[in-house]
Amino acid sequence: MEKLSGGDMLIRALQDEGVEYVFGYPGGAVLHIYDALFKQNRIQHVLVRHEQAATHMADGYARSTGRPGVVFVTSGPGATNAVTGIATAYMDSIPMVVLSGQVQSHLIGTDSFQETDMVGISRPVVKHSFLVRSASELPETIKKAFFIATSGRPGPVVIDVPKDVTSPTELYDYDYPETVSMRSYSPATKGHTGQVKKAIKMLMSCERPMIYSGGGVVQGNAATQLTEMTRMLGFPITNTLMGLGAYPGTDKQFLGMLGMHGTFEANNAMHHCDLLLAIGARFDDRITNTVSKFCPYAEIIHIDIDPASISKTVNADVPIVGPVDAVLDEMNRLLAPEIAKRSDNQKSLLAEWWEQIEGWRRQDCLKVLRDEGDTKIKPQEAVQALYKATKGDAYVTSDVGQHQMFAALYYPFDEGRKWINSGGLGTMGFGLPAAMGAQIAHPDDLVVCITGEGSIQMNIQELSTCSQYGLPIKIVNLNNGSLGMVKQWQDMIYEGRHSHSYMESLPDFVKLVESYGHVGFKVETIDELEPVLNEAMAIRNKLVFVDVLVDPSEHVYPMLVAPNGSMRDMWLRKGVRT
Amino acid sequence: MRRIISVLMENEAGALSRVIGLFAQRNYNIETLTVAPTEDETLSRLTLTTFASDEQVEQITKQLNKLIEVVKLVDLTEGDHIERELMLIKVKATGAQRAEMKRTADIFRGQIIDVTQNAYTIQLAGTSDKLDAFLRAIPEASVMEVVRSGVSGLSRGEKVLST
Ligand SMILES: Cc1ncc(C[n+]2csc(CCOP(=O)(O)OP(=O)(O)O)c2C)c(N)n1
Ligand SMILES: [Mg+2]
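Read on for a plain summary of the structure. For clarity, every value in this text was computed on a predicted model and none was experimentally measured.

**Description of the site of ligand 1**
Residue and element names in this part refer to chain A. Taken together, 17 residues form the shell around ligand 1, and within it Gln 402, Gly 426, Ser 455, Asn 480 and Gly 484 come nearest. In the model, an oxygen atom of ligand 1 is placed 2.6 Å from a nitrogen or oxygen of the Ser 455 side chain. Taking Asn 480, its side chain carries an N or O atom lying 2.9 Å from an oxygen atom of ligand 1. Its free accessible area being 580 Å², ligand 1 has 76% of it covered by the protein chains.

Written as structure tokens, this is what we have:
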């Protein structure tokens, strides 16, 4: 058997796992690993400027490909810097393996230099974690980590590696296991057929159906199955913020996003439906509004890989635990003959329901209103113009705030994995590094980061990494000169007291990006918008930053009325509610 | 409602902290907790008591099951079960109190396991209620120190929790 040092073994195991990229930053505790990395060229390492960005890059890589993202950080500050990105991945169920250096085994617990209890500090935000005790454990631990991160409900896994474990002086037998099995971990591989049949009966006998699907369909690679089912049934469908693209956003059956900033038609259809088919979605509080008023007329079928997501906040009448792709495959098989037998009465009931929905749709809740002679750019229009300039075909990442909601509402996605945002944790600073990860995974595709002047400054140092690796991403900064989403809440709830929600000292973004060797544009009026965006998107080999000065007074609407509102209670415009 | 949840888990470093962490993180309470390796030394058996509604206990068991190191678990309070807790109690035992204390201990089937001129240490096993009752039965002022093991338990009959 081959003999390798711990450090070499670690790198070899990643190679054997098929890892192509590692996002990381070196330091004392990982020097042996970095030396092993230096001696090979199968795995490419991307040197970031801050460890948080490494985790978001790995995350963007994972979201855009479905393959796990891999991160190296050193002990202590390297590890703690990674925590926000790990938590971000955890909340959105993204497969990721983070290898953190740890001080030497004999120093653990002595408050030694750059020691921090990484397993402890990350515990609430990982799917699982390992502290490696000896180099001989490395191959199996790494295999397990990847298996856990990518199977069942995916999530981040931390492997904490004490420095002595990777020492170059001691050699061990290397043998990478092909599979691992754990008696305590066996995610479901198919749904319960009895439950599936019950669900089919309900789908064929309801009057006002609604399909509500989430990030689980994107991450579970079931967009095709979902689309097939929805088309076959002819039912209305909505996607969560995390699920956008799983069903084509430009299709007529799609009612738009639902929830806090969901469309009038999607939220109303949720409220009035008599059967809710929830797929890979978790009834988040940003969806349901007041739980006791959620879907008052509906029976609920809930398909999810994670049993703990079922009946957590909203009771499911028919729970189906299983991987969404396998469950939907089975349902589609059983549904086809049933749909062929659908009675005229059933068909006309569905048509009536659609009529009601079309009535809501005629509200045209996303219509952009502008005053005669106003030359200011509305942020919604900026997203619409970007959609045109990219032919609706870009990978789009976003940060967190108003711009995120405008992106979600005004850029319809026709495919899963094209829309990448931090929905669960809502991490400002996610957008740029996530775009970098997506661009590295898809070097020939257009990757755009829609951001705000607040969020972009939370990881702006990565412009330097973009120079180093020649990443031609496009950054569209919807610059409203304020922490817009915070300001919106202050306008609506705190009588316009803008407590610390604006910044007086923004940089000149054009000069800033130019200093890194990138291209910058600034757009201030509506007639410049389309030409500049077209020009920017046409520059394929360079990073382009477009600073779009948008109307700072815009709010995101619709917006659910809280507290105590149901899903049909919405603000539609400033001062106008249902 | 009071629940007794019994968990079979990998006997590995970190497993216990994950269980405890889960309870803290998700705002569930832990009343008592005991843990020790089983006859199979790769496994530990952890028993905890908590107060939870039906919905809460469903979430607790689902979340516990999600922990990679948890092999199996059961809510013992769902069925017929046996529960025991051990209490060691050091009491003042002087003069007339000495005989009285012994009599009370006998009634509760307690054993005096350490004796000095002025004090007894009594060992008592039983349900938590019984241990509480003993504490109420002796004069409060006589209690010097109490240590309780927390509840452990298993199902009645032939039902077992195993891999
Ligand atoms: C790391 C982090 N800190 C704070 C917040 C709270 N927060 C949510 S949106 C927002 C404002 C974002 O401002 P900007 O990026 O300019 O976007 P805008 O809303 O103006 O479009 C803030 C501060 C957050 N989501 N993440
Ligand atoms: Mg802003």
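**Overview of the side chain of A:His518**
All names here are of chain A. Within the secondary structure, His 518 is located in the loop between helix 20 (509-515) and strand 19 (519-523). Residue classification places His 518 among the buried positions, given a relative accessible area of 8%. A distance of 2.8 Å separates a polar atom in the side chain of His 518 from the backbone oxygen of Leu 463. Here the side chain of His 518 touches Ser 467 through a polar contact of 3.3 Å, side chain to side chain. Setting aside chain neighbours within four positions, we find His 518 in contact with Leu 463, Cys 466, Ser 467, Val 513 and Leu 543.

**Things to note about the coordination of the magnesium ion (ligand 2)**
Residue and element names in this part refer to chain A. With distances of 2.1 to 2.5 Å, the protein atoms coordinating the magnesium ion (ligand 2) are Glu 453 (OE), Glu 453 (OE), Asn 480 (OD1) and Ser 482 (O). Look at where the donors of the magnesium ion (ligand 2) fall in the sequence and you get E-x26-N-x1-S. Here Glu 453 is found in helix 17 (residues 453-456), whereas its partner Asn 480 is found in the loop between strand 18 (474-479) and helix 19 (484-493), with 27 residues between them in sequence. Asn 480 sits in the buried class, given a relative accessible area of 14%.

**A closer look at helix 10 (residues 264-272) of chain A**
Of all nine residues in helix 10 of chain A, nine are buried, a share of seventy percent or more. Among all positions in helix 10 of chain A, only A:Phe264, A:Glu265, A:Ala266, A:Asn267, A:Asn268, A:Ala269, A:Met270, A:His271 and A:His272 are buried.

**Describing the packing of aromatic side chains**
A ring pair, where both rings are aromatic, is described by two values, the distance of the centres and the angle of the planes. All names here are of chain A. Tallied over the entire structure, the rule returns 14 aromatic pairs over all chains. Geometrically, the ring pair formed by Tyr 212 and Phe 283 is edge-to-face, given 5.2 Å between the ring centres and 80° between the ring planes. Linking Tyr 212 in strand 9 (residues 209-213) with Phe 283 in the loop between strand 12 (275-279) and helix 11 (285-288), this pair joins segments that are 71 residues apart in sequence. Just as Tyr 212 is buried, Phe 283 falls in that class too. Between Phe 283 and Phe 294, the ring centres sit 5.7 Å apart and the planes meet at 85°, which makes this aromatic pair edge-to-face. With Phe 283 in the loop between strand 12 and helix 11 and Phe 294 in the loop between helix 11 and strand 13 (299-304), the pair connects residues that are 11 residues apart, well separated along the chain. Of the two residues examined, Phe 283 and Phe 294, each falls in the buried class. Put simply, the rings of Tyr 387, Tyr 411, Phe 413 and Trp 419 pair up and form one aromatic cluster. The ring of Tyr 395 has Lys 418 sitting right over it, with the charged end atom 4.9 Å from the ring centre. We note Arg 577 situated over the ring of Trp 571; from NZ or CZ to the ring centre the distance is 6.0 Å.

**A short note on the pairing of strand 6 (residues 128-131) of chain A**
Residue and element names in this part refer to chain A. Sheet analysis places strand 6 next to strand 7 (residues 156-162), joined by four bridges and oriented parallel. By the bridge assignment for strand 7, Ser 129 is matched with Val 158. On the question of chirality, the crossover connecting strand 6 to the parallel strand 7 by way of helix 6 (residues 138-150) is right-handed.

**A closer look at the pattern of salt bridges**
Proximity of charged atoms lets side chains of opposite charge pair with each other. One pass over the full model with this rule turns up 34 salt bridges over all chains. Ionic pairing is found between A:Glu381 and A:Arg370, a salt bridge with its closest N-O pair at 2.7 Å. Linking A:Glu381 in helix 14 (residues 379-389) with A:Arg370 in the loop between helix 13 (344-361) and helix 14, this pair joins segments that are 11 residues apart in sequence. The buried category is assigned to A:Glu381, whose relative accessible area is 14%. Judged by relative accessible area, A:Arg370 falls into the partly exposed class, the value being 29%. B:Asp54 is the partner of B:Arg3 in a salt bridge, and the nearest nitrogen-oxygen pair spans 2.6 Å. Pair noted here: B:Arg3 is in strand 1 (residues 2-10) and B:Asp54 is in helix 2 (residues 54-66), with a separation of 51 residues, a long-range link.

**Considering the interface of chain B and chain A**
In this complex, chain B contributes 20 residues to the contact, which on the side of chain A involves 19 residues. In total, chain B and chain A occlude about 1,500 Å² of area from one another, counting both sides; carbon and sulfur atoms represent 48% of this. Where chain B meets chain A, there are two salt bridges. Applying the counting criterion to the chain B and chain A interface returns nine residue pairs in polar contact (both at pLDDT 80 or more). Among the secondary structure elements, those contributing two or more residues to the side of chain B that touches chain A are helix 1 (15-25), helix 2 and strand 4 (70-75) of chain B. Top element by residues in the side of chain B that touches chain A is helix 2 of chain B. It accounts for five residues. Its residues assigned to classes, the side of chain B that touches chain A shows five nonpolar, seven polar and eight charged.

**Things to note about the sheet that holds strand 21 (residues 559-560) of chain A**
Think of a sheet as strands paired side by side through backbone hydrogen bonds, with each pair either parallel or antiparallel. Sheet architecture is open: three strands sit in the order 21-22-23 (chain A), paired in antiparallel fashion. Of all strands in the sheet, those bounded by a partner on one side alone are strand 21 and strand 23 (576-577) of chain A.

**Considerations on the packing of helix 14 of chain A against helix 15 (residues 402-410) of chain A**
Residue and element names in this part refer to chain A. Where helix 14 meets helix 15, the axes come as close as 9 Å, and the angle between the chain directions of the two elements is 50°. Between helix 14 and helix 15, the angle falls in the class oblique. When the axes of helix 14 and helix 15 are compared, the crossing they make is right-handed. Touching Pro 379, Gln 380, Val 383, Gln 384 and Tyr 387 of helix 14 are Phe 406, Ala 407 and Tyr 410, all from helix 15. For the contact of helix 14 with helix 15, the residue count by class is six nonpolar, two polar and no charged.

Scoring rules and cut-offs
- Residues numbered from 1 in each chain as written.
- Chains lettered and ligands numbered in written order.
- Predicted model: local features only at pLDDT ≥ 70, side-chain atom pairs only at ≥ 80, totals over all residues.
- Heavy atoms only, no water.
- Near = heavy atom within 4 Å.
- Polar contact = N/O pair within 3.5 Å; in protein donor to acceptor, adjacent residues only side chain to side chain.
- Areas by Shrake-Rupley, 256 points an atom, 1.4 Å probe, with all protein chains shown as cover.
- Helix = DSSP H or I, 4+ residues; strand = E, 2+ residues; numbered from the N terminus.
- Buried < 20%, exposed > 50% of the residue type's maximum accessible area, 1.4 Å probe, protein only.
- Contact = heavy atoms within 4.5 Å.
- Donors = N, O, S within 2.8 Å, 3.2 Å for Na, K, Ca; no water.
- Phe/Tyr/Trp six-rings, centres within 6.5 Å; stacked < 30°, edge-to-face > 60°.
- Lys NZ or Arg CZ within 6 Å of the ring centre and 35° of its normal.
- Pairing = 2+ DSSP bridges.
- Right-handed = clockwise from strand over helix to strand, strands pointing away.
- Salt bridge = Lys/Arg side-chain N within 4 Å of Asp/Glu carboxyl O.
- Buried area = accessible area lost by both parts, 1.4 Å probe.
- Nonpolar A, V, L, I, M, F, W, Y, C, P; charged D, E, K, R; others polar.
- Axes fitted to C-alpha atoms, helices over the stretch in contact; angles between N-to-C directions.
- Parallel < 35°, antiparallel > 145°, perpendicular 65-115°, else oblique.
- Left-handed = near helix turned anticlockwise from the far one by under 90°.

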